[in-house]
Amino acid sequence: MDKHQLLAPAERAGRPEPKPLRGAIRLLENMGHGTLTEFPLKSGRRADILSLGGKGEIWIVEVKSGVPDFRSDHKWQDYLEWCDRFFFAVGPEFPAEILPRDAGLFIADEYDAILVREPDATLLPAARRKALTLRFAHLAARRLSGRDDPIAD
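Criteria and thresholds
Residues numbered from 1 in each chain as written. Predicted model: local features only at pLDDT ≥ 70, side-chain atom pairs only at ≥ 80, totals over all residues. Heavy atoms only, no water. Helix = DSSP H or I, 4+ residues; strand = E, 2+ residues; numbered from the N terminus. Expected span 1.5 Å × (residues − 1). Buried < 20%, exposed > 50% of the residue type's maximum accessible area, 1.4 Å probe, protein only. Arc of directions from axis to C-beta. Contact = heavy atoms within 4.5 Å. Lys, Arg positive; Asp, Glu negative; His and termini not counted. Salt bridge = Lys/Arg side-chain N within 4 Å of Asp/Glu carboxyl O. Polar contact = N/O pair within 3.5 Å; in protein donor to acceptor, adjacent residues only side chain to side chain. Pairing = 2+ DSSP bridges.

Colleague: Explanation requested: helix H4 (residues 126-145) in the structure shown.
Modeller: Along an α-helix, residues three or four positions apart point the same way, because every turn accommodates 3.6 residues. For H4, built from 20 residues, the straight-helix expectation of 28 Å at 1.5 Å per residue is met to within 8% by its first-to-last C-alpha distance of 29 Å. Turning to H4, its buried residues are Arg129, Leu132, Arg135, Phe136, Leu139, Ala140 and Arg143. Buried residues of H4, seen end-on, are gathered within an arc of 130° and therefore sit on one face of the element. Of the residues in H4, the exposed ones pointing more than 90 degrees away from the buried face are Ala126, Ala127, Lys130 and His138. Looking one or two residues past H4, Gly146 carries a phi angle of roughly 80°, positive in sign.

Colleague: Before we go on, may I ask you to explain the environment of Gly32 in this structure?
Modeller: With respect to the helices and strands, the residue Gly32 is situated in the loop between helix H2 (19-30) and strand E1 (34-40). On the accessibility criterion, Gly32 (48% relative accessible area) is partly exposed. Considered as a pair, Gly32 and Gly54 are 22 residues apart in the sequence and their alpha carbons are 6.2 Å apart. When sequence neighbours within four positions are dropped, the list of residues in contact with Gly32 reads Leu52, Gly53 and Gly54.

Colleague: Which parts of the structure should I look at to understand the side chain of Arg117?
Modeller: Position of Arg117 among the secondary structure elements: in strand E6 (residues 113-117). Of the side chains with opposite charge, Asp102 lies nearest to the buried Arg117, which makes no salt bridge, at 7.1 Å. Here Ala103 takes part through its backbone oxygen, which lies 2.8 Å from a polar atom of the side chain of Arg117. Discounting residues that sit within four places of it in the chain, Arg117 has contacts with Phe87, Leu99, Pro100, Arg101, Ala103, Gly104 and Leu105.

Colleague: I keep staring at the pairing of strand E4 (residues 85-90) and nothing clicks. Help me out?
Modeller: Successive side chains on a regular strand alternate, one facing one side of the sheet and the next facing the other. Of all six residues in E4, five are buried, a share of seventy percent or more. Relative to E4, strand E3 (residues 58-64) runs parallel, the two sharing six bridges. In the sheet register, Trp59 faces E4, and the bridge partner there is Arg85. Bridge count between E4 and strand E5 (residues 104-108): four bridges; the pairing is parallel.

Colleague: Would you explain H2 in this entry?
Modeller: In a regular helix each residue adds 1.5 Å, so 12 residues correspond to 16 Å; H2 covers 18 Å between its end C-alpha atoms and thus fits that length. For H2, the set of buried residues is Pro20, Leu21, Gly23, Ala24, Ile25, Leu27 and Leu28. Just beyond H2, the residue with positive phi is Gly32, at close to 95°.

Everything listed here is a matter of geometry and, on its own, says nothing about what the molecule does.
Okay, here's the thing in structure tokens:
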């Protein structure tokens with residue numbers, strides 16, 4: 001399987017990815033999660049990373065490239081209703097103390113990440129979990145086959 005095919009269209013097109021993105025994905029995959037980037041939610045938002053764990057748990061990771069990126073982001077709370085656990089992934093130089101304490105935290109670079117803080121779980125309703133899991137599978141299949149059509153999201 002060519003992992004390049006599972007990337008979101010913007011990443012395949014050459015748009016530079018934030019360095020913490022790659023490390024966070026590597027850690028999640030080492031933890032047994034499947035990951036998709038730029039995952040479209042029914043709310044109209046796109047999660048930087050949506051991961052699906054081995055027991056069906058759904059995590060969203062919001063990647064922040066720096067303090068200005070975090071301070072200008074007023075949408076991250078919109079992701080909370082779409083996951084069991086919510087995390088930020090930031091670089092080693094990011095002042096982690098400015099991030100909300102109830103969110104999880106990955107410190108990541110382009111090679112790896114460490115899980116610094118795991119948030120409490122807020123379990124998704126069963127119907128939403130099933131819908132997200134099916135969307136995850138369908139999107140992964142479309143990306144793998146090379147037929148990812150952003151209009152179909």
